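So the chains spell out like this:
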Amino acid sequence: MAEKITALDLPTGDLSDATKAYFAKCEEKLGLVPNVLLSYAFDEKKLRAFTDTYNDLMLGQSGLSKLEREMIAVAVSSINQCYYCLTAHGAAVRQLSGDPAFGEMMAMNWRAAALSPRQRAMLEFAVKLTEAPAKMVEEDRQALRAAGFSDRDIWDIAATAAFFNMSNRLAAAIDMRPNAEYHAMAR
């Protein structure tokens, strides 16, 4: 019997050929179809909205590196204690950084990691946005500018943090489980 990936019983909907091809590409590149995608597969419109947003934020053009975007995902997910995202994006940080210990530290306590001033400013902003969004002020944006971020970069930091806050809450609500393969990746 296959392990449930969420606590909800939502059967897979009719998937288009494009979505089937996307899943095949995931299998080819990652060796798996991430459970987050399978959890959305009951409704292709919702799946497409999720993947379009994710791919734009995490893989699209940005002044932030892919590693920096994954670091935001992990720092936000750490604050929210999101098992799925810490497991999946912790693996991405380990892989992109080439440093398994750094990936683990980011997931457990990012403030203990050896970070550049730029990275520290970026993560402090993302964490404040996660913990106290109503307290964001111009000084927070100015601290990012002082660390070398453009206003477009600030948008990308905020959008990435906001996306993972949403994803973390959904994952918690439906008890989304990560693919077992993530645990062994980049170690």
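First things first, this report covers the structure right here in the doc. Keep in mind that what you see is a predicted model, and the values were worked out from it rather than measured. (Residues numbered from 1 in each chain as written. Predicted model: local features only at pLDDT ≥ 70, side-chain atom pairs only at ≥ 80, totals over all residues. Heavy atoms only, no water.)

## Describing the overall build of the protein chain
For the protein chain, the count of helices and strands is 9 helices and 0 strands. Listing each helix as α and each strand as β along the protein chain from the N terminus yields α-α-α-α-α-α-α-α-α. Over its C-alpha trace the protein chain gives a radius of gyration of 17 Å, about what one expects of a compact globule, namely 16 Å for 187 residues. With the principal axes as the frame, the protein chain shows a C-alpha extent of 50 × 35 × 30 Å. For the protein chain, with 187 residues in total, the buried portion stands at 44%. Carbon and sulfur atoms make up 57% of the accessible area of the protein chain, which totals about 9,900 Å². (Helix = DSSP H or I, 4+ residues; strand = E, 2+ residues; numbered from the N terminus. Rg over C-alpha atoms; globule rule 2.2 N^0.38 Å. Buried < 20%, exposed > 50% of the residue type's maximum accessible area, 1.4 Å probe, protein only. Areas by Shrake-Rupley, 256 points an atom, 1.4 Å probe, with all protein chains shown as cover.)

## Here's the deal with helix 7 (residues 117-131)
Helix length check: helix 7, at 15 residues, gives a terminal C-alpha distance of 21 Å against a target of 21 Å (1.5 Å per residue), a fit within 8%. Taken together, the buried positions of helix 7 are occupied by Gln119, Ala121, Met122, Leu123, Phe125, Ala126, Val127 and Thr130. Buried residues belonging to helix 7 abut helix 4 (66-80), helix 6 (100-109), helix 8 (138-146) and helix 9 (151-174). (Expected span 1.5 Å × (residues − 1). Contact = heavy atoms within 4.5 Å.)

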